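This is what each chain is made of:
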Amino acid sequence: MTAGATISLSLISHTNAGKTTLARTLLSQSVGEVRDAAHVTVASTGYPLIDTPQGDQLVLWDTPGFGDSARLVKRLRQHGNPIGWFMSQVWDRFSDQTFWLNQLAVRNTREQADVVLYLVNATEEPSDAGYLGPELSVLEWIGKPVIVLLNQTGARRPREEEALDEDRWRSWLKQWPQVQAVLSLDAFARCWVQEFALFDRVDAVLGPAQRGAFARLSIAWRGRRMAQFGQSMRALALPLAQAASDQEAMPPTSMREKALRVTGLARGREGGAQTRAMAAMAARLEAGLQESLQQLIAIHGLEGKAAHEVVEQVARDVQVQAPVDASKAALVGGAMSGALSGVAADLAIGGLSFGAGMLTGAVLGAFGGAGLARGFNTLRHQSQTVIQWDPAFLQQQVSGALLRYLAVAHYGRGRGEWQQRIYPEFWHTLAVKTVADHVHALDEAWELRSGPSEALADALTRILDDMARAALDALYPGCLS
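Counting restarts for each chain, with residues numbered from 1 along the sequence as it is written. Per-residue local features are limited, in this predicted model, to residues with pLDDT of at least 70; the limit for side-chain atom pairs, both in listing and counting, is 80 or more; totals at the level of whole chains, interfaces and linings are taken over all residues. Here the side-chain values reflect all heavy atoms present in the structure, with hydrogen atoms and water set aside.

Caption draft 1: Up close: the side chain of serine 8. Helix and strand definitions here come from DSSP, where helices need a minimum of 4 consecutive H or I residues and strands a minimum of 2 consecutive E residues; each element is numbered from the N-terminal end. Note on placement: serine 8 falls in strand 1 (residues 6–13). What serine 8 contacts, discounting residues up to four positions off in sequence, is Val59, Trp61, Gln112, Ala113, Asp114 and Val115. By the convention used here, residues are in contact when the closest approach between their heavy atoms is within 4.5 Å.

Caption draft 2: Quick look at the pairing of strand 2 (residues 45–51). At least two bridges found by DSSP between two strands is the condition for calling them paired. Summarising the sheet, strand 2 and strand 3 (residues 57–62) pair through 6 bridges and their orientation is antiparallel. By the bridge assignment for strand 3, tyrosine 47 is matched with leucine 60. Taking the residues that link successive antiparallel strands as the turn, the strand 2-strand 3 hairpin has 5 residues, and the phi of glycine 55 there is positive, at about 95°.

Caption draft 3: Local environment of helix 5 (residues 132–142). For every residue, the accessible area obtained with a 1.4 Å probe (protein chains only) is divided by the maximum for its type, and the residue is called buried under 20%, exposed over 50%, and partly exposed between those limits. With 9 of its 11 residues buried, helix 5 lies for the most part within the structure. Once helix 5 ends, the next one or two residues include glycine 143, with phi positive near 80°.

Caption draft 4: Region of interest: the packing of aromatic side chains. The aromatic pairing rule takes the rings of Phe, Tyr and Trp, using the six-membered ring of Trp, and pairs them if the centres are within 6.5 Å, calling planes under 30 degrees apart stacked, those over 60 edge-to-face and the rest tilted. One pass over the full model with this rule turns up 7 aromatic pairs. Ring geometry for tryptophan 192 and phenylalanine 229: centres 5.8 Å apart, planes at 50°, overall tilted. With tryptophan 192 in helix 7 (residues 192–205) and phenylalanine 229 in helix 8 (residues 208–245), this residue pair connects regions lying 37 residues apart in the sequence. Grouping residues by exposure puts tryptophan 192 and phenylalanine 229 together as buried. Geometrically, the ring pair formed by tryptophan 389 and phenylalanine 393 is stacked, given 4.4 Å between the ring centres and 25° between the ring planes. For tryptophan 389, a relative accessible area of 1% puts it in the buried group. Aromatic ring contacts, followed pair by pair, group Trp192, Phe196, Phe229 and Tyr405 into a single cluster. For a lysine, the NZ atom is tested; for an arginine, the CZ atom; a charge sits over a ring if that atom is within 6 Å of the ring centre and within 35 degrees of the ring normal. We note arginine 110 situated over the ring of tryptophan 141; from NZ or CZ to the ring centre the distance is 3.9 Å. Lying over the aromatic face of phenylalanine 196, arginine 222 brings its terminal NZ or CZ to 4.0 Å of the ring centre.

Caption draft 5: A look at the packing of helix 7 against helix 8. Two elements in contact, helix 7 and helix 8, have axes whose closest approach is 11 Å; the angle formed by their N-to-C orientations is 175°. By the criterion of interaxial angle, the relationship of helix 7 to helix 8 is roughly antiparallel. Contacts between helix 7 and helix 8 pair Trp192, Glu195, Phe196, Phe199, Val202, Asp203 and Ala204 from the former with Arg211, Phe214, Leu217, Ser218, Trp221, Arg222, Arg225, Met226 and Phe229 from the latter. A breakdown of the residues in the contact of helix 7 with helix 8 according to their chemical character gives 10 nonpolar, 1 polar and 5 charged. Whenever a helix is involved, its axis is fitted only over the stretch in contact; in every case the axis is a line through C-alpha atoms, and angles between N-to-C directions fall within 0 to 180 degrees. Just so you know how the angles are binned, under 35 degrees is roughly parallel, over 145 roughly antiparallel, 65 to 115 roughly perpendicular, and the rest oblique. All residues other than Ala, Val, Leu, Ile, Met, Phe, Trp, Tyr, Cys, Pro, Asp, Glu, Lys and Arg, Gly among them, are scored as polar; the first ten of these are nonpolar and the last four charged.

Caption draft 6: Structural view of the nonpolar core. In this structure, Trp192 and Tyr405 are the most contacted members of the largest nonpolar core, which totals 92 residues. The greatest single-element share of this core, amounting to 12 residues, is contributed by helix 8. Residue types Ala, Val, Leu, Ile, Met, Phe, Trp, Tyr and Cys, when buried and joined through side-chain atoms within 4.5 Å, form a set referred to as a nonpolar core.

Caption draft 7: Geometry of the pattern of salt bridges. The working definition used for a salt bridge is a side-chain nitrogen of Lys or Arg within 4 Å of a carboxyl oxygen of Asp or Glu. Evaluated as defined, the whole model comprises 13 salt bridges. Across the pair arginine 168 and aspartate 165 runs a salt bridge, and its minimum N-O distance is 2.8 Å. You can see arginine 168 and its partner aspartate 165 sitting in helix 6 (residues 159–172), 3 residues apart, about one turn around the helix. Residue class for arginine 168 comes out partly exposed when judged on its relative accessible area of 24%. Ionic pairing is found between aspartate 458 and arginine 234, a salt bridge with its closest N-O pair at 2.8 Å. Taken together, the residues span a long stretch of sequence, with aspartate 458 in helix 16 (residues 453–475) and arginine 234 in helix 8 at a distance of 224 residues. Overall, the relative accessible area of 23% leaves arginine 234 in the partly exposed class. What emerges from the salt-bridge pattern is a single network uniting Glu125, Asp165 and Arg168.

Caption draft 8: Region of interest: the pairing of strand 3. The element strand 3 is largely enclosed, with a buried count of 5 among its 6 residues. Two elements, strand 1 and strand 3, share 6 bridges in a ladder whose sense is parallel. Across the sheet, threonine 6 pairs through a bridge with glutamine 57, a residue of strand 3.

Take a look at the structure:
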């Protein structure tokens, strides 16, 4: 096929099965009408999916759903004789307009479609769905290659379980030679990487003359989706970088108060200053996460506002970096070296972690108080106490960011306004594992928190890109390759 070719995909299914919903998801547009009723779509409508600089165009046709498919296949088989023509063009047109529109859509599909995308309800047993046989006979009459899409697959499940559904349908559909492939593509919960698998299947059933144009269209489609992916990773990285670099200055605290806090004797007496500082940081983090989620929603062509997400304000998530008075440090160090033997103090970063009364790092007294104080003040150039988010908390936020991304990436636009939903349990497991696999890279990234925020954002963007690719490949093996 020469440059400037048009390739047409026709969406067909039983009535009210989700064709228009899938069309909206693929197009990122609110096309057609979606409601819980039969025969909502009454005419075939073509929508451009993607085009190329060479003038190629991929068109998606949304068609009326099948109703009385048994009667429809009989009428279509009569199409070539005078009586059949009269019944179809005259009688049906005025006595049963829905049935007539069905016939018109099927004939248009026969004339225009290069590939038929046939949606089925994956929750049904193929052998129990009485309409399947007649509808597949209609598709046989159309005479174009058919790709069956498993729709209404329900809550997200591990890939192994979804593959069992595909195998079950694939086995039953072997009796219909026009069916060339079976794959999952839920109109309400598909992931965009599954579209790459669909494009691969379409390419496999097209004629040789169409392959060149479709290859260009596939590259354009992949480029669009990967650009959205890159934008998403940046949107996820920015609030994490901002949180890692964020800090609040605290008023000077006496050494007696510090000692009491470390020993736990002053637990609950940290006072309003630290509480207000933590609340301010939590509010900034929450605002950043909200803005990030809004950006994800816009990038994926969804609608609505992000659901409110509360950022828990817990003392153990905040790291306190306190300058130590060199003249008093030896006294504090000597007192704590015996009293706090075995209790860890976070000296690797030059500060103390007062999270829930627990300390991390090395025992303070082992380093010699005065020497430590002078080294810390010289290296950190600090003259006041500041608090900042602990790296362990930031790691948790990375897991949360990955989960939010998976939720948005699986959200079909046909649902309407965005709503935060409960993540499948196996997604939590996947997120934890993915973060654990990248913990060393993240640790190195947090070390950049004292430098330019742009450098940290760039590093986190690269890490999140690797993490999201790993998670998507675990859910849909090979789709990104």
